[in-house]
2 protein chains.
Amino acid sequence: MNIPDSSQKRIVIIGGGFAGVTIAQKLNHKGFQVVLIDKQNYHTFQPLLYQVATGGLEAGSIAYPLRKVIQGFSNFYFRMTSVKEIDTQNHKIISEIGELRYDYLVIATGSKTNFFGNKEIERNAMSMKTIPQSLNIRSFILENFEQAVLTKDVNERNALMNFVLVGAGPTGVELAGALAEMKKEILQKDYPDLDIQKMQINLIQSNDRVLNTMSEKSSIASEKFLENLGVKVYKNLRVTNYDGRTVTTNTDIVFDTATVIWTAGVQGAAIHGLKADALVDRVERIKVNEINLVKGYDNIFALGDIACMETTQYPQGHPMMAQPAMQQAALLAENLPKYIAGKPTKPFVYHDKGSMATIGRNLAVVDLPKYHFSGFFAWFVWMFVHLFSLIGFKNKAVVFMNWVYNYVRYDREGRLIVRPYKKKSFVTFTSDEV
Amino acid sequence: MNIPDSSQKRIVIIGGGFAGVTIAQKLNHKGFQVVLIDKQNYHTFQPLLYQVATGGLEAGSIAYPLRKVIQGFSNFYFRMTSVKEIDTQNHKIISEIGELRYDYLVIATGSKTNFFGNKEIERNAMSMKTIPQSLNIRSFILENFEQAVLTKDVNERNALMNFVLVGAGPTGVELAGALAEMKKEILQKDYPDLDIQKMQINLIQSNDRVLNTMSEKSSIASEKFLENLGVKVYKNLRVTNYDGRTVTTNTDIVFDTATVIWTAGVQGAAIHGLKADALVDRVERIKVNEINLVKGYDNIFALGDIACMETTQYPQGHPMMAQPAMQQAALLAENLPKYIAGKPTKPFVYHDKGSMATIGRNLAVVDLPKYHFSGFFAWFVWMFVHLFSLIGFKNKAVVFMNWVYNYVRYDREGRLIVRPYKKKSFVTFTSDEV
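No experiment lies behind these values; they were computed from the predicted model shown.

> What exactly am I supposed to notice about the overall build of chain A here?
For chain A, the helix and strand inventory stands at 11 helices and 25 strands. Each principal axis of the C-alpha atoms in chain A carries an extent, and together these give about 70 × 50 × 45 Å. Expressed as a percentage of its 434 residues, the buried residues of chain A come to 60%. When contacts within chain A are restricted to residue pairs at least 6 apart in sequence, those whose partners lie at least 24 apart make up 64%. Just so you have it, chain A exposes about 17,800 Å², and 52% of that area is on carbon and sulfur atoms. Positive and negative side-chain charges in chain A, numbering 49 and 41 respectively, have mean positions lying 6 Å apart.

Dropping the structure here:
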């Protein structure tokens, strides 16, 4: 049994995402007591959530137990709870399971879906930032088809087979591509009593290109890939509301649909208790300096999506992605002992290793700092990078096996409704003869 | 798109377990319209549920999409719904999504947990007959340990680490063994701040031996294996109640525990609408003749756990296991066309291929009709048989890979609380300093 070593300074890390896990791993043997806190007992590999949502992977293959991350580390602790507030005056956090004092606090709470204040969309649309949300989407897609088989009302049937994805960033694009493959490879065969050609996948982007954080070449290539797969791409279209059945937009275009998946924006997963001038309005991020120290505090740091480090190259902070989060975390693990000892620290410089997105079988786009490519080789690179970024040998092996199987067999066996999803706002019905 | 061929006789199968899936597969190309009905959209490989409950396997690896079972079969349909009642007069079933006429009905609803009428136990104990139930157990085990880390009340901590399994049949024995391995291989390492030696695994059997449907040799061997793993086995002990915290028995022995898993009995998953004299009281099974035709009907059949075929060798019906279910289903698929054509049918004879149970790493017991063995080779046979009984190549491959990984690494990475389980009756608490 471990006895806490209270002679060591206590670092509390809130959040076991890319930033939290990276800094925890790198703080081992640095002479601190470390407490890692998360609402879940697992780390989620978010870039592959869309494959869980579309039945290509099981949830377990992209999740990793947080207790295993710190297994064997001396004077490391994990607590599963939700942090309600930080009491910066008394250097403690207030959580659902009680209070905890810290010497140094690292906020790595990540981001959440941003509905830009539209409560009706928030109530009726689905998000895909967590494993339970992805499992809800998986269930709901399949439930829609089970209902579509039954209904005699043509409009209702079409609405059940109409999928509207709002936001054509990497998540929206990858999900649209996966849905298009699901249509062709699975739903077509699973529902011979439905006219699957009626299934629509609509991808809506408010500005003039998909993947607008990537190169123009990649935007053009991915849009072409999507259209070849049968995805209908709408650009310069803004969704104004969704009442659970009808999507309205800033134009005359409306969509009659049971399913809206909202990937149009993210915001920091804010935490209470920081001074107002440490916060960036609208996106709910926390202002940090060049070593991720929160503005106005000397013992609170913020990392990753929640942190906003304004630099010349990134005046609104770094992109809310895994890479900046991991790089900041790794640097802070190095800087922290120096900072505490009053020694010089190293300012953060983001090394953009590039970005990529996959659209479907053999199709991806990759932007490297000086080079862009797309198609089969890009798809191969995408797979390789994602496979090797997963934590844990078993997850890598199981994901790899699933991918090979899905690729060779044109199949996705994860089409299981394990946790039914009940959407309240859509009309239900009974038919006479099933 | 498929257009139903209504010239063919319609066979409705209720239940996609071992019996339902087997008969559906074997009815292809026999000239019927077949409608398969299940509450879930997947088949569950129940013998491995205990591995899902203990984090060794992901739920998806032991589930298989029912629509895929009948994919490509002509004039086959699947409907996901719950059957409320059979209207035998008008030859139709009444389901939650509407009514459906049948020419021939096959009831294969399986079994459910039998609490022998004790509502308080039913409310407070957990069962393990379905995937969601197994995931609940997995979550609850882990939640208990997360709570145990926090509480300062020694009795509460011990209760959280005390697991009481009622019923030492194959399910109880296999679960007890898996919990014992989880204790040694995972919990010990994951919770260094707990004294894991305090974790208790109590297995309670009402009569004088564990695995009492197997040979005496196997009972003795498995009991020894369990005790070596640290499981406390209680024989001739009957649980009388469980209020959510205290298990009382027919003796002075009581258990203070947060978790009771009830595997002490099963009963048929009954269906309304059959005449009373077709039913067997107490166990809720349906009386069938030697070709599984339900007593008193000429177009309703029952298969597997729900069917009670009284024979000289099995006066109370066949054991409620996969083998009789699959054998009955295969025979009925052969007999049905003959029966309809008025030709002679073949009566069912159960070929007992033996039974087996695994207790843990390298430990299992196997009873073949004329030969019993236990230990490493039995364990190897157990794995081989279970692996090859799984439906689907991908499931086989993923389960195999997980088993190799878990074996080599002494690990179970499925220790994820994806759907938290809330038990209402156990005391909750907050501590001051976490």
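> How should I be thinking about a nonpolar patch on the surface in this particular structure?
Residues and elements named next belong to chain A. A contiguous nonpolar patch, built from Phe 376, Phe 377, Phe 380, Phe 400, Val 404, Tyr 407 and Val 408 and spanning about 700 Å² of accessible area, is present on the exposed surface. Every element with two or more residues in the nonpolar patch is listed here: α10 (376–389) and α11 (393–409). Per-element accounting of the nonpolar patch gives the leading share, 4 residues, to α11. Its location among the elements puts Val 408 in helix α11. We classify Val 408 as exposed; its relative accessible area is 55%.

> In this structure, what is going on with the sheet that holds strand β8 (residues 98–101) of chain B? I would like to understand it.
Remark on secondary structure: sheet strands pair via backbone hydrogen bonds, oriented parallel or antiparallel. All names here are of chain B. Read across the open sheet, the 3 strands follow the order β6-β7-β8; overall the sheet is antiparallel. Of all strands in the sheet, those bounded by a partner on one side alone are β6 (83–87) and β8. Strand-to-strand twist of the sheet, defined as the mean angle between neighbouring strand axes without regard to direction, takes the value 20 degrees. Direction of pairing for strand β7 (residues 92–95) relative to β8: antiparallel, over a ladder of 4 bridges. Bridged to Ile 93 within β8 is Leu 100.

> Where do I start with the pairing of strand β7 (residues 92–95) of chain A in this structure?
Moving residue by residue along a regular strand, the side chains alternate between the two faces of the sheet. Residue and element names in this part refer to chain A. Covered by surrounding structure in β7 are Ile 93 and Ser 95 only, the residues Lys 92 and Ile 94 on the alternate face being uncovered. Across 4 bridges, the pairing between strand β6 (residues 83–87) and β7 is antiparallel. Across the sheet, residue Asp 87 finds its bridge partner in β7, namely Lys 92. The hairpin formed by β7 and strand β8 (residues 98–101) contains 2 residues between the paired strands.

> Looking at this structure, how should I read the packing of α11 of chain A against helix α11 (residues 393–409) of chain B?
Each pair of packed helices gets described by two things: the angle between the helix axes and the distance between those axes. Packing of α11 of chain A against α11 of chain B brings their axes to within 10 Å, and their N-to-C directions diverge by 165 degrees. Classified by the interaxial angle, the pair formed by α11 of chain A and α11 of chain B is roughly antiparallel. In terms of crossing hand, the pair formed by α11 of chain A and α11 of chain B is right-handed. When α11 of chain A is examined against α11 of chain B, the residues Phe 393, Lys 394, Ala 397, Val 398, Met 401, Asn 402, Tyr 405 and Arg 409 of chain A are found in contact with a partner set consisting of Phe 393, Lys 394, Ala 397, Val 398, Met 401, Asn 402, Tyr 405 and Arg 409 of chain B.

> What am I meant to see in the UniProt feature "domain: FAD/NAD(P)-binding" (unreviewed entry) in chain A here?
UniProt annotation of "domain: FAD/NAD(P)-binding" (unreviewed entry) refers to residues 10–329 of chain A when read in the numbering used here. The span residues 10–329 of chain A shows a helical share of 29% and a strand share of 26%, and its end C-alpha atoms are spaced 17 Å apart.

> Would you explain the side chain of Asp 190 of chain B in this entry?
By the element assignment, Asp 190 of chain B lies in helix α7 (residues 170–190). Leave out the neighbours within four places in its chain, and Asp 190 of chain B touches Arg 67, Lys 68 and Gln 71 of chain A together with Arg 415 of chain B.

> Is there a simple way to think about a positive patch on the surface in this case?
Residues and elements named next belong to chain B. A cluster of basic residues, Lys 26, Lys 30, Lys 338, Lys 343 and Lys 346, forms a positive patch at the surface. Within the fold, Lys 338 resides in helix α9 (residues 322–340). Overall, Lys 338 belongs to the partly exposed group, its relative accessible area being 30%.

> Would you mind showing me how to read the interface of chain A and chain B here?
Quite often, the size of an interface is put as the accessible area lost when its parts meet. At the junction of the two partners, chain A supplies 60 residues and chain B supplies 60 residues. Linking chain A to chain B there are 8 salt bridges. A salt bridge links Arg 67 of chain B to Glu 146 of chain A; the nearest nitrogen and oxygen atoms lie 2.8 Å apart. Taken together, the links from chain A to chain B amount to 23 residue pairs in polar contact (both at pLDDT 80 or more). The greatest single-element share of the side of chain A that touches chain B, amounting to 9 residues, is contributed by α11 of chain A. When the residues that make up the side of chain A that touches chain B are grouped by side-chain class, the tally is 29 nonpolar, 10 polar and 21 charged.

> Sorry, what's going on with the pattern of salt bridges here?
Should their charged atoms come close, side chains of opposite charge can pair. In the structure shown here, the tally under the stated rule is 30 salt bridges over all chains. The partner of Arg 415 of chain A in a salt bridge is Asp 411 of chain A, with the nearest N and O atoms 2.8 Å apart. Residue Arg 415 of chain A is classed as buried on the basis of its relative accessible area of 2%. Residue Arg 415 of chain B is joined to Asp 190 of chain B by a salt bridge in which the shortest nitrogen-to-oxygen separation is 2.5 Å. On the criterion of sequence distance, the pair formed by Arg 415 of chain B in the segment after α11 and Asp 190 of chain B in helix α7 is long-range, its members being 225 residues apart. Several salt bridges share partner residues, and in doing so they unite Lys 68 of chain A together with Asp 190, Asp 411, Glu 413 and Arg 415 of chain B into one network.

Each value, and the rule that gives it
Residues numbered from 1 in each chain as written. Chains lettered and ligands numbered in written order. Predicted model: local features only at pLDDT ≥ 70, side-chain atom pairs only at ≥ 80, totals over all residues. Heavy atoms only, no water. Helix = DSSP H or I, 4+ residues; strand = E, 2+ residues; numbered from the N terminus. Buried < 20%, exposed > 50% of the residue type's maximum accessible area, 1.4 Å probe, protein only. Contact = heavy atoms within 4.5 Å. Areas by Shrake-Rupley, 256 points an atom, 1.4 Å probe, with all protein chains shown as cover. Lys, Arg positive; Asp, Glu negative; His and termini not counted. Charge placed at Lys NZ, Arg CZ, Asp CG, Glu CD. Patch = residues over 30% accessible without salt bridge, like charges linked within 9 Å, V, L, I, M, F, W, Y side chains within 5 Å. Salt bridge = Lys/Arg side-chain N within 4 Å of Asp/Glu carboxyl O. Pairing = 2+ DSSP bridges. Axes fitted to C-alpha atoms, helices over the stretch in contact; angles between N-to-C directions. Parallel < 35°, antiparallel > 145°, perpendicular 65-115°, else oblique. Left-handed = near helix turned anticlockwise from the far one by under 90°. UniProt positions renumbered as here; feature names shortened; annotations may be inferred. Polar contact = N/O pair within 3.5 Å; in protein donor to acceptor, adjacent residues only side chain to side chain. Nonpolar A, V, L, I, M, F, W, Y, C, P; charged D, E, K, R; others polar.

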